[in-house]
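# Descriptive structure summary
Chain by chain, the residues run as shown.
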Amino acid sequence: MAQTSLEQTDLSPRREALQLWIPLGIVLFLTVVTAFFLTGQYQIAAGKGIVQGLGEPLPISSSAHLIVVPWFFDWHDPFFQTQTFDVALHMGTLIALLLFFWRDWLNLVLHMHQPRSQQGQMFWFIVLASIPAGIVGLLLDSLAEEYFIDKYLVIAATMSIMGVVLYIADRFAPRRYELTNLTWKHALLVGCAQALALVPGVSRSGSTMTMGRALGFTRETAARFSFLMAIPITFGAGVLKLRDIDSSQLTAPFWLGISVSFVVGALAVGFLLRYVRTNSFLPFIIYRLILAAVIVAVYVAR
């Protein structure tokens, strides 16, 4: 019996490692297919779907990647390079988030009329946290879209700065709070951090997780609250941006991009929730700094 127990103990880390590496393998496979077997609008749509699926849940800024990746590969398309299509890709990651958190949100909505209950309180905390980003988005979204579309060095700077800020928060802040310790002040501060994500390179998930860690929440709690917050703000942006989309734009590449964004987003959400249980944000911080250096190098070379 002792030997069997020991074997089971040895298998557990292997299983956990597989749960981390299999999603990465699937994303790598999709990337290879996109790079070598797709062309034209299909390649652009699938490529941006991969970028969005990874960049939205992970603290690396999907908006920055949706700007610099087409620039790196010299992608040009009158529709698939617009923010309208980028917001459509967000619908893919929104569905991925709902896949993981629909039970949580159903529970929150069912208790919204009981603000003194734990679930009802959490619902109104998320509403409060969504207000700053909602206001900033309504006022400045169009301006930000026009300004940052070719500000590659600014994006490199924000990628670097937020990487350093995330490192400081994750390295030095205590890890003592869970979701049950959340207060309205915490929710408002995390919501203000989310509003900063209008600037490409900041990252919605990165800024909210950074603030969560700075306030003393565990990595897993900061990630879960960030994902719960993402659902209403992403849905709102989708309603505003996609209501005027032309039916002629709903082509096969359009749906391919959203589908890829959903699949990769689901893999990335599951990966991050498992990863932060026992690991720090350091790999994402290093990635941010490397990408910032690459952006500067490409900018100088061109």
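### Regarding the overall build of the protein chain
When helices and strands are tallied, the protein chain shows 11 helices and 0 strands. The linear arrangement of helices and strands in the protein chain, starting from the amino end, is α-α-α-α-α-α-α-α-α-α-α. Over its C-alpha trace the protein chain gives a radius of gyration of 20 Å, about what one expects of a compact globule, namely 19 Å for 302 residues. Summarising its shape, the C-alpha atoms of the protein chain cover approximately 60 × 50 × 40 Å along the three principal directions. Within the protein chain, buried positions represent 46% of all 302 residues. Long-range pairs, those at least 24 residues apart, make up 81% of the contacts in the protein chain with a sequence separation of at least 6.

### What to know about helix H4 (residues 83–110)
Look at H4: only 34 Å from first C-alpha to last across 28 residues, short of the 40 Å you get at 1.5 Å a residue. Where H4 bends most, the angle comes to about 75°, and this point is Phe-101.

### Things to note about the packing of helix H6 (residues 152–172) against helix H8 (residues 204–214)
Two elements in contact, H6 and H8, have axes whose closest approach is 8 Å; the angle formed by their N-to-C orientations is 30°. Taken as axis vectors, H6 and H8 run roughly parallel relative to one another. Crossing handedness for the pair H6 and H8: left-handed. Across from Met-162, Val-165, Leu-166, Ala-169 and Asp-170 in H6, the residues of H8 making contact are Gly-206, Ser-207, Thr-210, Arg-213 and Ala-214. Of the residues assigned to the contact of H6 with H8, the class counts are 5 nonpolar, 3 polar and 2 charged.

### As for the environment of Trp-105
Turning to its location among the elements, Trp-105 is positioned in helix H4. Since its relative accessible area comes to 13%, Trp-105 is described here as buried. Once the C-alpha coordinates of Trp-105 and Phe-123 are considered, the two residues, 18 residues apart in sequence, prove to be 8.2 Å apart. Trp-105 has contacts with Phe-123, Ile-126, Leu-228, Ile-231 and Pro-232, leaving out every residue within four places of it along the chain.

### Describing the nonpolar core
One finds Phe-101, Trp-105, Phe-225, Phe-227 and Phe-284 to be the most contacted residues of the largest nonpolar core, which totals 38 residues. Mapped by element, the contributors of at least two residues to this core are H4, helix H5 (118–148), helix H7 (184–195), helix H9 (219–242), helix H10 (252–275) and helix H11 (282–301). Looking at this core element by element, the count peaks at 7 residues for H9. Grouped together as the second largest cluster of nonpolar side chains are 25 residues, Ile-44, Trp-71, Phe-254 and Leu-291 included.

### Remarks on the pattern of salt bridges
Here the structure, examined in full by the defined rule, presents 7 salt bridges. When the shortest N-O distance is used, the salt bridge between Lys-48 and Asp-86 registers 2.8 Å. Here Asp-86 lies in helix H4 and Lys-48 lies in helix H2 (residues 40–55), a separation of 38 residues in the sequence. Asp-86 carries the same exposure label as Lys-48, and that label is buried. Where Asp-170 meets Arg-213, a salt bridge forms, and the shortest distance between an N and an O atom there is 2.9 Å. One end of the pair, Asp-170, is in helix H6; the other, Arg-213, is in helix H8, with 43 residues separating them in the sequence. Beyond isolated ion pairs, a larger network of salt bridges with shared partners links Asp-170, Arg-213 and Arg-219.

### Digging into H6
Spanning 21 residues, H6 covers 30 Å between terminal C-alpha atoms, matching the ideal 30 Å at 1.5 Å per step. Contact partners of the buried residues in H6: helix H3 (62–73), H5, H8, H9 and H11.

### So, the side chain of Ser-62
Position of Ser-62 among the secondary structure elements: in helix H3. Among the polar contacts listed, one links the side chain of Ser-62 to the side chain of Glu-56, at a separation of 3.3 Å. If we ignore the near neighbours within four places in the chain, the residues touching Ser-62 are Val-51, Gln-52, Gly-55, Glu-56 and His-90.

### Remarks on the confidence of the model for the protein chain
Predicted confidence across the protein chain gives a mean pLDDT of 92, with 96% of residues reaching 70 or more. Note on residues 1–11: pLDDT is under 50 here. Beyond four places in sequence and across chains, it has 0 contacts.

### Overview of the packing of H2 against H3
Packed helices, taken two at a time, are described by their axes: the angle between them and the distance between them. Closest axis-to-axis distance for the H2/H3 pair is 8 Å, and the angle between their directions is 155°. Our classification of the angle between H2 and H3 gives roughly antiparallel. Taken as a pair, H2 and H3 cross one another with a handedness that is right-handed. The segment H2 lies against H3, with Lys-48, Val-51, Gln-52 and Gly-55 engaging Ser-62, His-65, Leu-66, Val-69 and Pro-70. Here the contact of H2 with H3 is built from residues that sort into 4 nonpolar, 4 polar and 1 charged.

Criteria and thresholds
Residues numbered from 1 in each chain as written. Predicted model: local features only at pLDDT ≥ 70, side-chain atom pairs only at ≥ 80, totals over all residues. Heavy atoms only, no water. Helix = DSSP H or I, 4+ residues; strand = E, 2+ residues; numbered from the N terminus. Rg over C-alpha atoms; globule rule 2.2 N^0.38 Å. Buried < 20%, exposed > 50% of the residue type's maximum accessible area, 1.4 Å probe, protein only. Contact = heavy atoms within 4.5 Å. Expected span 1.5 Å × (residues − 1). Bend = angle between axes of the 7 residues up to and from the residue. Axes fitted to C-alpha atoms, helices over the stretch in contact; angles between N-to-C directions. Parallel < 35°, antiparallel > 145°, perpendicular 65-115°, else oblique. Left-handed = near helix turned anticlockwise from the far one by under 90°. Nonpolar A, V, L, I, M, F, W, Y, C, P; charged D, E, K, R; others polar. Core = buried A, V, L, I, M, F, W, Y, C linked by side-chain atoms within 4.5 Å. Salt bridge = Lys/Arg side-chain N within 4 Å of Asp/Glu carboxyl O. Polar contact = N/O pair within 3.5 Å; in protein donor to acceptor, adjacent residues only side chain to side chain. pLDDT = per-residue confidence, 0-100.

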